[in-house]
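# Results of the structural survey
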Amino acid sequence: MTVTAREGKASGPRPERIRIENLHKSFGEIEVLKGVSLTACEGDVVAVIGGSGSGKSTMLRCINFLETPTSGKIIIGGEEIRMRPDGSPADRRQIEHARQHLGMVFQSFNLWSHMTILQNLIEVPVHVLKVPKDQAVAIAERLLDRVGLLAKKDAYPAYLSGGQQQRAAIARALAIEPRAMLFDEPTSALDPELVGEVLSVIRDLAAEGRTMILVTHEMKFAREVSNHVMYLYNGLVEEQGPPEQVFGAPRSERLQKFLKSLG
Amino acid sequence: MMPLAAMAASPFELLALSPPGWGGTLLLGLANTMVIAVGAYALGLAIGIMGAFGKLYGGPITRDLLAVYTTIVRAVPELVLILILFYAVPGLINEILIGLGHERIVLPPLITGIAVLGVVQGAYSTEVLRGAIQAVPHGQIEAARAMGMTPMLTARRITLPLMTSNAIPGLANLWLNATKDTALLAVIGFSELTKATYQAAATTKAFFTFYLAAMALYLAISLLSTVLFGRIEKWARRGQRVMSR
Ligand SMILES: Nc1ncnc2c1ncn2[C@@H]1O[C@H](COP(=O)(O)OP(=O)(O)OP(=O)(O)O)[C@@H](O)[C@H]1O
Ligand SMILES: [Mg+2]
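In this report, we go over the structure that sits alongside the text. (Residues numbered from 1 in each chain as written. Chains lettered and ligands numbered in written order. Predicted model: local features only at pLDDT ≥ 70, side-chain atom pairs only at ≥ 80, totals over all residues. Heavy atoms only, no water.)

## Re the site of ligand 1
All names here are of chain A. Taken together, Phe27, Val32, Gly51, Ser52, Gly53, Ser54, Gly55, Lys56, Ser57, Thr58, Glu185 and His217 make up the full set of residues near ligand 1. In this structure, an oxygen atom belonging to ligand 1 sits 3.3 Å away from a main-chain N or O atom of serine 54. A distance of 2.5 Å separates an oxygen atom of ligand 1 from a polar atom in the side chain of threonine 58. Against a free-state accessible area of 640 Å², the protein chains account for coverage of 58% of ligand 1. Tallying contributions element by element places helix α1 (residues 56–63) first for the shell around ligand 1, with 3 residues. Of the residues contributing to the shell around ligand 1, the split by class is 2 nonpolar, 8 polar and 2 charged. (Near = heavy atom within 4 Å. Polar contact = N/O pair within 3.5 Å; in protein donor to acceptor, adjacent residues only side chain to side chain. Areas by Shrake-Rupley, 256 points an atom, 1.4 Å probe, with all protein chains shown as cover. Helix = DSSP H or I, 4+ residues; strand = E, 2+ residues; numbered from the N terminus. Nonpolar A, V, L, I, M, F, W, Y, C, P; charged D, E, K, R; others polar.)

## Describing the sheet that holds strand β1 (residues 16–27) of chain A
All names here are of chain A. In space, the 4 strands of this open sheet follow the order β2-β1-β4-β5, with antiparallel pairing throughout. Strands with a single pairing partner mark the edges of an open sheet, and in this sheet they are β2 (30–41) and β5 (79–80). Where β1 meets strand β4 (residues 71–76), 5 bridges bridge the pair, whose relative direction is antiparallel. Pairing of glutamate 21 across the sheet is with lysine 73, part of β4. (Pairing = 2+ DSSP bridges.)

## Regarding the sheet that holds strand β8 (residues 212–215) of chain A
Residue and element names in this part refer to chain A. Taken together, the 6 strands give an open sheet; going across it, the order is β6-β7-β8-β3-β9-β10, and neighbouring strands pair in mixed fashion. Lying at the two open borders of the sheet, with one neighbouring strand each, are β6 (102–105) and β10 (236–241). Pairwise comparison of adjacent strand axes, ignoring direction, gives a mean angle of 15° for this sheet. Looking at chain direction, β6 and strand β7 (residues 180–184) are connected through 4 bridges and run parallel. Each residue of the ladder has a partner; that of valine 105, found in β7, is phenylalanine 183. (Axes fitted to C-alpha atoms, helices over the stretch in contact; angles between N-to-C directions.)

## Observations concerning the packing of aromatic side chains
All chains considered together, the criterion is met by 3 aromatic pairs over all chains. A ring pair is formed by B:Tyr41 and B:Trp175, whose centres lie 5.4 Å apart and whose planes are at 70°; its orientation type is edge-to-face. Of this pair, B:Tyr41 sits in helix α3 (residues 23–57) while B:Trp175 sits in helix α8 (residues 151–181), and the two are 134 residues apart along the sequence. Accessibility classification places B:Tyr41 together with B:Trp175 in one group, the buried group. Note that A:Arg172 overlies the ring of A:Trp112, its terminal NZ or CZ placed 4.2 Å from the centroid. For the cation-ring pair, B:Arg241 lies above A:Tyr159, with the distance from its terminal atom to the ring centre recorded as 5.6 Å. (Phe/Tyr/Trp six-rings, centres within 6.5 Å; stacked < 30°, edge-to-face > 60°. Buried < 20%, exposed > 50% of the residue type's maximum accessible area, 1.4 Å probe, protein only. Lys NZ or Arg CZ within 6 Å of the ring centre and 35° of its normal.)

Interpretation in functional terms is not warranted from these geometric data alone.
This is the structure we're talking about:
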């Protein structure tokens, strides 16, 4: 079953950005994803929630093939990623091209430590997307200004706080002008007092209509920014729907328990 | 009278740059030593980079071949290897050339020396670089892949620069080994610093003077190298926070 997110809000058909069909993923003997489907159209903000080990990260990482699916389909911008029987991309160019439209933000920031913040932002635009350097710098500076880090553009990542590093990492993902953003628990590695500054950047992105898939443990935030929530349990979609329904009137007992456990 | 006078020549006269002093010969040997060391080191690094990536990301056959290479080279004494390779490498190259329909060539000893030491260096470089690459934080490589960088571009822009700081101490050791291993080429008649020193010493019988001079030259290379590698390491560690003691 495929459910299109942002029920109700849409006016007219919006182009599809990411579609997952019947995704399975095993690590050796253990099946971590047991048939997950999802469609995100332009402007959708899909929040993925679920307990530890339920397969949230694995699902997200299968979208850009950081993990190779065991079976199922991944369709990016209407184009199906061709897979070999073992799930690896059949055409390396095709997946590289698709990745250039997906901005990924990791739990542990993963900024390149040998480059300044500005260099981090222009690396892919200049060397992969072949944007002229002065143009890439101009875009990068605008993005850094937007996330409040212009003053830190010549600093190395190790000299920034966690919150600053994550905001820089978000700016780096934005610098490729992605068609969709993938967030994997972007605030989990942060000290509590630094969470707010990162969430407010993500909130802005949602407000401007960015397509995003957001794996998070911040339930209040998920409810606030998303238009579709997906609750994963043990590798399956246990319940999904608009946030008011999933958080306000959960049907599944497991989801009720899960939400209660978070208080 | 004459032989006595020769034997009593002062170290300064013995080490004079122009004959009858032997200083020029020693410096020429030093130059040869440096050329071989630099050449072998560069060749070793090139082999090492390919070897390290091959060991980490290559197919099973590549990995097995590389394992055989590094195991043998690191197990056998270098002198024995040098002797084997010195006689085997030119033969092998000629086989290939003849196979390709070319003429047999006589390899200049300089080229052979560099090739032989480079093959030895390559095995150690492979291991140093493999360890350094493995120590690169995986998330940073993943970030590059996630943004659509090709494996080649990721290696060039992310993995290699990041592993450099891990590799420098090991590579500095390898460089010092390279300068000293050149002395092993003396056994195959190559006129590097050790051989030149021996000639000077044997002719004048002033063993102490000449070996002391050679020692000073080797030490100078080592000290200069340490300074140079210190600078490279500082550059390679850009962006890393200095640990407070
Ligand atoms: N590379 C791997 N090799 C083997 N097992 C793995 C690997 N990656 C994940 N797993 C397993 O797959 C399951 C799902 O992991 P995943 O990281 O997707 O969970 P998650 O929902 O993101 O959890 P968390 O909230 O803790 O991040 C876990 O049981 C995990 O141990
Ligand atoms: Mg996770």
